[in-house]
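# Analysis of the macromolecular model
So the chains spell out like this:
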Amino acid sequence: MRIFTAERIIALDGTEPEAFAVRDGWIAATGTLALLEEQYPDAEQIRLHGALVVPGFNDAHCHVSQAALARARLDLTEVDHPDDLRRAVTARAATVPNGAWVIGHALDDRRLTADVVNRAFLDSISGDRPILLIQYSFHRAVANSAALELMGYRTAADAPAGGQLLTDEDGSLNGWMFECAWLDQWLPGTGKGKIVDPTELSARTAALAEVNAELHAVGITSYCDAIVTPVEEQLYRAALDAGTLTPRVNMLLWHSYFDPASPPVSPADTRLQFAGVKMMLDGALGGGTCLCSRPYPGESDSGNGLQVLDDEQFTQQLRQVHDAGLRAAVHANGDLAISKVLDAIEALPPEPAQARMNHRIEHCSIVDAGIIDRIKRAGVTPVPFGAFVHFYGRQITTYYGEDRAQFTCAHRSMLDAGIAVAGSSDYPIVPIDPLVALQSMVTRESADGLVVGPQQRLDVLDALGVYTHGSAAATGEAHIKGRLTPGQLADFVVLDQDITAVAGSEIHRTAVRSTWVGGECVWSAP
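Criteria and thresholds
Residues numbered from 1 in each chain as written. Predicted model: local features only at pLDDT ≥ 70, side-chain atom pairs only at ≥ 80, totals over all residues. Heavy atoms only, no water. Helix = DSSP H or I, 4+ residues; strand = E, 2+ residues; numbered from the N terminus. Buried < 20%, exposed > 50% of the residue type's maximum accessible area, 1.4 Å probe, protein only. Contact = heavy atoms within 4.5 Å. Areas by Shrake-Rupley, 256 points an atom, 1.4 Å probe, with all protein chains shown as cover. Lys, Arg positive; Asp, Glu negative; His and termini not counted. Charge placed at Lys NZ, Arg CZ, Asp CG, Glu CD. Axes fitted to C-alpha atoms, helices over the stretch in contact; angles between N-to-C directions. Parallel < 35°, antiparallel > 145°, perpendicular 65-115°, else oblique. Left-handed = near helix turned anticlockwise from the far one by under 90°. Nonpolar A, V, L, I, M, F, W, Y, C, P; charged D, E, K, R; others polar. Pairing = 2+ DSSP bridges. Salt bridge = Lys/Arg side-chain N within 4 Å of Asp/Glu carboxyl O.

Along the chain, the regular secondary structure elements total 15 helices and 21 strands. Along the three orthogonal principal directions, the C-alpha set of the chain runs to about 80 × 50 × 50 Å. Here the chain holds 526 residues, and the buried ones make up 59% of them. For the chain, the proportion of contacts with a sequence separation of at least 24, taken over those separated by at least 6, is 72%. Summed over all atoms, the accessible surface of the chain reaches about 19,700 Å², with 49% contributed by carbon and sulfur. Where the 40 positive side-chain charges of the chain centre and where its 66 negative ones centre are 1 Å apart.

Shown next as structure tokens:
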């Protein structure tokens, strides 16, 4: 038994207790120090050194396993010159067995010379080893000729539904692939041939531990990994078995691996759970490929984004997920895509409200009052980006126009409608730091000073709620996570300043002093 005290504790249950008691990883009681000392006279007392203690941050949609696997493969996060890219890919190609794939992650082609990274560029590095570089958004990738040949792509007409193969002026493939054109081959489903990763499990688990430590350093105690296949599940289970899985992790199984006859089974441990099945209906908000009801000058040839799954396939699979008693988590950014998700959910057989599964809409970016009303009535949990206004505010306004930008990541309107809203980063596409996300939700100001949709601003306590009990609601765990109250898990973070007492624009300057999971310190500042 331990009793924790601090300068200020915000429990997010409407109270500010002086202390809280923890037994076996769970909060047993809260109240005054004198009361808890009387109740638990033999408890160890720990003074938390910092200005504020709040429940641990929970990122409801991120891709931590992909960040870890990138480090075990070829991490291109810091590459910003074609020569550096050539050296990195060449060095990686020299380390993999003959015929094995060279896989690079998080390529940011915006920082390189325009159009320099393409099929011809990669062919100049290797003509026989297949090379696949995944763009940072995870919505497109580029391949060399050997990879395209193995994928069965010779002309643009070979692209599957929901995908595009880009070409040069002469009509030949330039190596770039949108959405299903590479995702169908990267995540094909159980029993199907796929792009083979040659890295060892030990290297992957070491990379995962490294990434998790970095997440603890910014106050993350829980997260939901939004694309999990048997490869990622094996990684997480190995970490759990080894005792190195320090955060609590929820997994969303990628839909091509979902079998209605054999649904995923969670371990008997709060550290690792399946939260549902992930599906993807449209493209990227920041990448200008989301499916909207009105055209916009985006990045796809359609002039109005991309639909990844067709209506019939999507509706059928969502019904199968629902009938299996699982939560569907559907990636939908544009208002048309979100409406299609709601159409499918509203067509499900009626159930009592208390028995209804809270299906999720991942990102749920561009909405309006009518869509918000439908979300509320359907009992859906939206999972909007926390910090995209900060990182992409001007880009969002340029793509979709000021009117749609006003209702992009509409946290305030959703909360005012009585909807539980989750917080998410989509890391590693953007940094995972929850404090930057809190600032973005409070100020609605981009990094270059553009205010986007000021009517969507939150106060600090509401923003904290989004990133704690709101995210817990998205995985069906609001009864055990997200508040420092008896009966909930003792996951919390200690901050060096009281973020309720500083200007909104200064929240990102807050430092984490320590991070605790189950009443045990998993990270502390040097």
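This paragraph deals with the packing of helix α14 (residues 434–443) against helix α15 (residues 460–474). Interhelical geometry of α14 versus α15 gives an angle of 130 degrees and a closest axis separation of 9 Å. One finds that α14 runs oblique with respect to α15. The element α14 and its partner α15 pack so that their crossing is right-handed. Contacts from P434, A437, L438, M441 and V442 of α14 reach α15 at V460, A463, L464, V466 and Y467. Looking at the contact of α14 with α15 residue by residue, the class counts come to 10 nonpolar, no polar and no charged.

What follows concerns the sheet that holds strand β7 (residues 74–75). Taken in spatial order, the six strands make up an open sheet running β7-β8-β9-β10-β12-β11, and their pairing is mixed. With one partner strand each, in any of the chains shown, β7 and β11 (163–167) form the two edges of the open sheet. Packing against the sheet, helix α3 (residues 82–93) makes contact with β7, β8 (102–107) and β9 (131–135), and its axis sits at approximately 145 degrees to β8.

This brings us to the pattern of salt bridges. Counted by the stated rule, this structure contains 22 salt bridges. D462 serves as the salt-bridge partner of R412, at 3.1 Å between the closest nitrogen and oxygen. With R412 in helix α13 (residues 411–416) and D462 in helix α15, this pair connects stretches of sequence that are 50 residues apart. Judged by relative accessible area, which is 27%, D462 ranks as partly exposed.

With that settled, consider the sheet that holds strand β20 (residues 512–517). Strand order in the open sheet formed by four strands is β5-β19-β20-β21, with antiparallel pairing between adjacent strands. Unpaired on one side and paired on the other, β5 (52–55) and β21 (520–524) mark the two borders of the sheet. Strand-to-strand twist across the sheet, computed as the mean angle between neighbouring axes with direction ignored, equals 25 degrees. Alignment of strand β19 (residues 492–495) against β20, held across four bridges, turns out to be antiparallel. Note that in β20 the partner of V493 across the bridge is T515.

What follows concerns the pairing of strand β12 (residues 173–179). The buried fraction of β12 is high, at seven of seven residues. As judged from the four bridges shared by β11 and β12, these two strands associate in the antiparallel manner. By the bridge assignment, Q164 is partnered in β12 with F178. Linking two consecutive strands that pair antiparallel, namely β11 and β12, is a turn of five residues; a positive phi of about 90 degrees is found at G171 within it.

None of this, on its own, says anything about what the molecule does.
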